[in-house]
Amino acid sequence: MPHIDKTILKSLIEERSDFVSGSQLAGELGISRVGIWARLEKLRARGFAFEAVRHRGYRLVEEPSGPHDRLLESYLELWGIDMPVYCHERIDSTNSEAQRLLAAGTGTPFVVVAAAQDSGRGRLGRSWYSPSEGNLYASVAFRPGLPPGRMQLITLWLGLSLCAGLRGEFGLNVGIKWPNDLVINGRKLAGILTEARVDSDLMRDLTFGVGLNINGDPSQWPAEVSGIATSLRRELREAVPFNKCAACVLASIHTAYRDFTAGRHEERFADLWKQADVLLGKQVEARSKHQSIAGTASGIDDSGALLIKTDSGNTVAVRAGDVSLGTNPVSA
Ligand code: BTN
């Protein structure tokens, strides 16, 4: 039997500005009209607001400002995506929770979302500032059955698709800084941490973690992040409906994964990357534990490595590390 709240929410989202009849919902779900009313009261207690008009029914007027599992699933289902969502008010790290669920044998794909993280992880062993302020902390778990050598490329493709999805949804000039930072005017909007368990020749599972600043106010954040971060709210100068935005993000990731595993990314990858690549043609420095390479960023190779043309004319492929822009931009 379909989940009652999900069926109710799907009908209300679909109609949005119109009313949905209580008796029609009751008929569809095989419960009484009082049963529908009781469910709506429970949803009200979790941040929803409904308008109720006699003989017309119910209309959705407000959604919760934080993650709501059934609402996220409803949006996804309306867009043709069937993916369970596990929401938490607080958690150590959504990536860690996804990995615990994977280890326990949970079917994929699924997503873990939290309103706040106590030990949010970033790339290169850093931490990810994760206050409870209307930002998205989400991890989507897959069992791709791909060779480990494809991990860099699938990560770039998922990040790139997310970048394109946010551009399309909000009309913002979101770019990508290799490998996976989403940036606007040099400020970081989102970060991505992909972690995989690898068997000898196959990725056993893949956890794609994304932290997206939606409604947070970076000016109030600790000094080390406030000067370099942005949020959708800061860029758009208005609050963004959290669950609809989060559902768009999850839908982009899910669709991108399906396209990658079916080989449908190949035609579009290079063009999309060129459009979004904020490093292209710029003077950069790539640092890893063992080396530092400076030169002009020249796109990526087939495996997803960053290409840097050094002053001596050699092109070096950088597979891991941190890249910063030099002071000397060569071209836009
Ligand atoms: C980075 O830019 O360094 C990557 C940041 C990734 C943060 C996200 S938030 C959700 C998921 N859970 C984590 O612990 N990290 C990722």
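Residues numbered from 1 in each chain as written. Predicted model: local features only at pLDDT ≥ 70, side-chain atom pairs only at ≥ 80, totals over all residues. Heavy atoms only, no water.

**Some thoughts on the side chain of Asn95**
Right, on to step 1. Among the secondary structure elements, Asn95 is positioned in helix H5 (residues 94-103).
Right, on to step 2. For Asn95, a relative accessible area of 4% puts it in the buried group.
Right, on to step 3. A polar side-chain atom of Asn95 sits 2.5 Å from a polar atom in the side chain of Ser139.
Right, on to step 4. Apart from the residues within four sequence positions on either side, Asn95 is in contact with Arg121, Ser139, Leu193, Glu195, Thr207, Phe208 and Gly209. (Helix = DSSP H or I, 4+ residues; strand = E, 2+ residues; numbered from the N terminus. Buried < 20%, exposed > 50% of the residue type's maximum accessible area, 1.4 Å probe, protein only. Polar contact = N/O pair within 3.5 Å; in protein donor to acceptor, adjacent residues only side chain to side chain. Contact = heavy atoms within 4.5 Å.)

**Looking at the site of the ligand**
Right, on to step 1. Within the structure, the ligand sits among 20 residues, and Ser93, Gln117, Arg121, Arg123 and Lys188 are positioned closest to it.
Right, on to step 2. Arg121 has a polar backbone atom sitting 2.7 Å from an oxygen atom of the ligand.
Right, on to step 3. The side chain of Lys188 places a nitrogen or oxygen atom 2.6 Å from an oxygen atom of the ligand.
Right, on to step 4. Coverage of the ligand by the protein amounts to 98% of the 420 Å² it exposes when considered alone.
Right, on to step 5. The pocket occupied by the ligand, as judged from atoms lying within 2 Å of grid points, is the largest pocket.
Right, on to step 6. Elements represented by at least two residues in the shell around the ligand include exactly H5, strand S5 (136-142), strand S8 (187-198) and strand S9 (203-212).
Right, on to step 7. In terms of residues, the shell around the ligand owes the most to one element, S8, which gives 4 residues.
Right, on to step 8. Split into classes, the residues belonging to the shell around the ligand amount to 6 nonpolar, 10 polar and 4 charged. (Near = heavy atom within 4 Å. Areas by Shrake-Rupley, 256 points an atom, 1.4 Å probe, with all protein chains shown as cover. 1 Å grid on protein atoms, 1.4 Å probe; cavity = no way out; pocket = protein on both sides within 12 Å on 5 of 7 lines; lining within 4 Å. Sits in = over half its atoms within 2 Å of the grid points. Nonpolar A, V, L, I, M, F, W, Y, C, P; charged D, E, K, R; others polar.)

**Overview of the layout of surface pockets**
Over the atoms, a rolling probe the size of a water molecule traces out where space has been left empty.
Right, on to step 1. Estimated volume of the largest pocket: approximately 980 Å³.
Right, on to step 2. Lining the largest pocket are 43 residues, with Arg126, Trp128, Asp181, Lys188 and Ile228 positioned closest to its centre.
Right, on to step 3. For the lining of the largest pocket, the class distribution of residues is 19 nonpolar, 15 polar and 9 charged. (Points joined across faces, edges and corners; volume = space filled by probe spheres on them.)

**Some words on the pattern of salt bridges**
Side chains bearing opposite charge may pair, as long as their charged atoms lie close to each other.
Right, on to step 1. Applying the stated rule across the entire model yields 23 salt bridges.
Right, on to step 2. For Asp69, the salt bridge is made with Arg70, and the minimal N-O distance between the two is 4.0 Å. In terms of burial, Asp69 and Arg70 fall into one category: buried.
Right, on to step 3. A single salt-bridge network, built from bridges that share partners, covers Lys6, Lys10, Arg46, Asp69, Arg70, Glu73 and Glu77. (Salt bridge = Lys/Arg side-chain N within 4 Å of Asp/Glu carboxyl O.)

**Observations regarding the sheet that holds strand S14 (residues 322-325)**
Right, on to step 1. Sheet architecture is open: 5 strands sit in the order S13-S12-S11-S10-S14, paired in antiparallel fashion. The open sheet is flanked by strand S13 (315-318) and S14, the only strands paired with a single partner. Along the sheet, successive strands turn relative to each other by an average axial angle of 45°, direction set aside.
Right, on to step 2. The sheet contact formed by strand S10 (residues 283-287) and S14 spans 4 bridges and is antiparallel. For Glu285, the partnering residue across the bridge sits in S14 and is Ser324. (Pairing = 2+ DSSP bridges. Axes fitted to C-alpha atoms, helices over the stretch in contact; angles between N-to-C directions.)

**Quick look at the sheet that holds strand S3 (residues 85-88)**
Right, on to step 1. Reading across the sheet, the 7 strands line up as S3-S4-S5-S9-S8-S7-S6 and stay open at both edges, with mixed pairing between neighbours. Of all strands in the sheet, those with a lone pairing partner are S3 and strand S6 (175-177), marking the two edges. With strand direction ignored, the average angle separating the axes of adjacent strands in the sheet is 20°.
Right, on to step 2. Pairing between S6 and strand S7 (residues 181-184): 3 bridges, direction antiparallel. Paired with Lys177 across the bridge in S7 is Asp181.
Right, on to step 3. Along the sheet face, H5 touches S3, strand S4 (110-114), S5, S8 and S9 and points at about 145° away from the line of S4.

**Concerning the nonpolar core**
Right, on to step 1. In this structure, Leu136, Leu158, Leu166, Trp178, Leu212 and Leu232 are the most contacted members of the largest nonpolar core, which totals 81 residues.
Right, on to step 2. Considering each element in turn, this core owes the most residues, 11 residues, to helix H9 (residues 242-261).
Right, on to step 3. Not counting the four nearest positions on each side in its chain, Leu158 is found in contact with Phe142, Phe208, Ile253, Ala256 and Tyr257. (Core = buried A, V, L, I, M, F, W, Y, C linked by side-chain atoms within 4.5 Å.)

**Overview of the confidence of the model for the protein chain**
Right, on to step 1. Here the protein chain shows a mean pLDDT of 94. Residues at 70 or above account for 98%.
Right, on to step 2. Per-residue pLDDT stays below 50 along residues 328-332; that stretch engages in 12 contacts with residues further than four places along the chain or on separate chains. (pLDDT = per-residue confidence, 0-100.)

**A look at the pairing of S7**
Right, on to step 1. Of the two faces of S7, the one holding Asp181 and Val183 and the one holding Leu182 and Ile184 are both buried throughout.
Right, on to step 2. Counted along the chain from S6 to the antiparallel partner S7, the turn is 3 residues long.
Right, on to step 3. Alignment of S7 against S8, held across 3 bridges, turns out to be antiparallel. By the bridge assignment for S8, Leu182 is matched with Ala190.
Right, on to step 4. Taken together, S7 and the strand that follows it, S8, pair antiparallel across an intervening segment of 2 residues, in which Asn185 is found at a positive phi of about 45°.

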